[in-house]
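Read off the chains here:
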Amino acid sequence: MKLKKSLALLLAGTLMFSMAIVASAEDSSSSSCSSSVSDNSSSSSSSKKEKLSPEEAKAAAEKAQYEAAVAAANVESQANALAAEEMGISMATLSAATEAGKSVGEFCNNAVTEMPGLEDVTPVAQGGGVIINGVPSNQSFTISKPVLAHVTSAKAQANALGGSVLNVVAVDGAVSFETASVNFYMPGITGTENIQVLQYTQGQWAPVAVKEIRADHVVVDITNYGVLAFVQVQ
């Protein structure tokens, strides 16, 4: 009998203790939700009070556009890096080509095969063997893309001559010279075309001596580095 009474008291005490824990948890949960709602309300109220001026809104929009452009550029850069890695192209080569405004193929072949402002482009490359002051050498001249203004100007000059621009390139090198005979590789040239080569000097286009035109090659004599326009005259 005493054992039953003891068990009943123990069970009642356990039940009361459990109910107290549940009640405490409910109070705590209610308090937490209340606090959370209060915080959100305060934040919402604060955000309603903050109004951007037109200048601030414009700055915010420009910042968002910039950040989006940076993110897109990073994605494109990562995609290019993966593609280059699959083709066995080093990141150094890819970066150098990008900095030069060239494709990897153009950069590796010292060539210009695409030119903004020109729809039909005859590739121009230079593979070395430049004759410096009448003496054969192992020198090669660097071929790069000029600014768009040079292309636009070359097109106007070609139109005045009754011709069309095949390509416009900037020529540079590491040696000084009085005369350099440069063999330009231009695939697609048959050797029967009438091609004039003009050099941009002091704001004007001046003709340079075309020494030879043969299949896939145009050889010219220049007296200084600069921008050259290859013009086919009808």
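Notes on the structure follow. These numbers were taken from a predicted model, which means no experiment stands behind them.

1. Examining the nonpolar core
Membership of the largest hydrophobic core comes to 37 residues, with the highest contact counts inside it found for Phe141, Phe184 and Phe230. The residues contacting Phe184, other than those within four sequence positions of it, are Val124, Ala125, Gln126, Ile143, Val171, Asp216, His217, Val218, Val220, Leu228 and Phe230.

2. Digging into the packing of aromatic side chains
One pass over the full model with this rule turns up five aromatic pairs. With centroids separated by 5.1 Å and ring planes inclined at 75°, the aromatic side chains of Phe141 and Tyr225 adopt a geometry described as edge-to-face. In this pair, Phe141 sits in the loop between strand 4 (135-136) and strand 5 (142-144) while Tyr225 sits in the loop between strand 11 (217-222) and strand 12 (226-233), placing the two residues 84 residues apart along the sequence. Relative to Phe230, the ring of Phe184 has its centre 5.4 Å away and its plane inclined at 75°; by these criteria the two rings are edge-to-face. Taken together, the positions of Phe184 in strand 7 (residues 180-185) and Phe230 in strand 12 put the pair 46 residues apart, joining distant regions of the chain. Judged on exposure class, the residue Phe184 and its partner Phe230 are both buried. The structure contains a cluster of three or more aromatic residues connected by ring pairs, namely Phe141, Phe177 and Tyr225.

3. Quick notes on the pattern of salt bridges
Following the criterion strictly, the structure yields two salt bridges and no others. Between Lys145 and Glu106 there is a salt bridge, and its shortest N-O distance comes to 3.2 Å. Taken together, the residues span a long stretch of sequence, with Lys145 in the loop between strand 5 and helix 5 (148-160) and Glu106 in helix 4 (residues 104-108) at a distance of 39 residues. Since its relative accessible area comes to 2%, Glu106 is described here as buried. Residue Arg214 is joined to Glu212 by a salt bridge in which the shortest nitrogen-to-oxygen separation is 3.2 Å. Judged by relative accessible area, which is 32%, Arg214 ranks as partly exposed.

About the criteria used
Residues numbered from 1 in each chain as written. Predicted model: local features only at pLDDT ≥ 70, side-chain atom pairs only at ≥ 80, totals over all residues. Heavy atoms only, no water. Core = buried A, V, L, I, M, F, W, Y, C linked by side-chain atoms within 4.5 Å. Buried < 20%, exposed > 50% of the residue type's maximum accessible area, 1.4 Å probe, protein only. Contact = heavy atoms within 4.5 Å. Phe/Tyr/Trp six-rings, centres within 6.5 Å; stacked < 30°, edge-to-face > 60°. Helix = DSSP H or I, 4+ residues; strand = E, 2+ residues; numbered from the N terminus. Salt bridge = Lys/Arg side-chain N within 4 Å of Asp/Glu carboxyl O.

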